[in-house]
Amino acid sequence: MSQEVTYSLEKKILIDADLAYDLYWNKQIFDKSKFKCPTPTCQAKFTCANMDVAEHELKQTPHFRKHSSTEHNISCPFHEDNIVS
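As the structure is a computational prediction, the values presented were derived from the model and not from experiment.

**Student:** Honestly, unusual backbone geometry in this entry has me stumped. Any pointers?
**Tutor:** Backbone phi values are negative for most residues with the exception of glycine, while trans is the configuration of most peptide bonds. Look at Lys-27: it is not a glycine, yet its phi comes out positive at around 55°. Here Lys-27 lies in the loop between helix 1 (17-25) and strand 3 (35-36).

Below, the structure is given as structure tokens:
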């Protein structure tokens, strides 16, 4: 399941990948790995894949990818055990 919205640790706002892309290219954010789960009590970390790829070179749209080294807290609504398909 992809994460549609994350929390930007640089801007201190909830953000989607399209906005992250725009802010990166407008030099308002700088690090594609400075995102976390939008749930305040969850510390799962995210990267905005393709955020730093120029538009004419994009093969896939920017999107959030969870760091493999982190997991959602069990109480987080985005934890796999809490998602209803």
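Still more to cover.
**Student:** So what exactly am I meant to see when it comes to the packing of aromatic side chains here?
**Tutor:** Describing an aromatic ring pair means giving the distance of the ring centres and the angle of the ring planes. Taken as a whole and assessed by the stated rule, the structure comprises three aromatic pairs. Arranged with centres 6.1 Å apart and planes meeting at 50°, the rings of Tyr-21 and Trp-25 form a pair that is tilted. Taken as a pair, Tyr-21 and Trp-25 lie in helix 1 at a separation of four residues, close to a single helical turn. Judged by its relative accessible area of 41%, Trp-25 falls in the partly exposed class. Between the aromatic rings of Tyr-24 and Trp-25, the centroid separation amounts to 5.4 Å while the plane-to-plane angle is 85°, which identifies the pairing as edge-to-face. Given a relative accessible area of 23%, Tyr-24 falls into the partly exposed group.

Each value, and the rule that gives it
Residues numbered from 1 in each chain as written. Predicted model: local features only at pLDDT ≥ 70, side-chain atom pairs only at ≥ 80, totals over all residues. Heavy atoms only, no water. Helix = DSSP H or I, 4+ residues; strand = E, 2+ residues; numbered from the N terminus. Phe/Tyr/Trp six-rings, centres within 6.5 Å; stacked < 30°, edge-to-face > 60°. Buried < 20%, exposed > 50% of the residue type's maximum accessible area, 1.4 Å probe, protein only.

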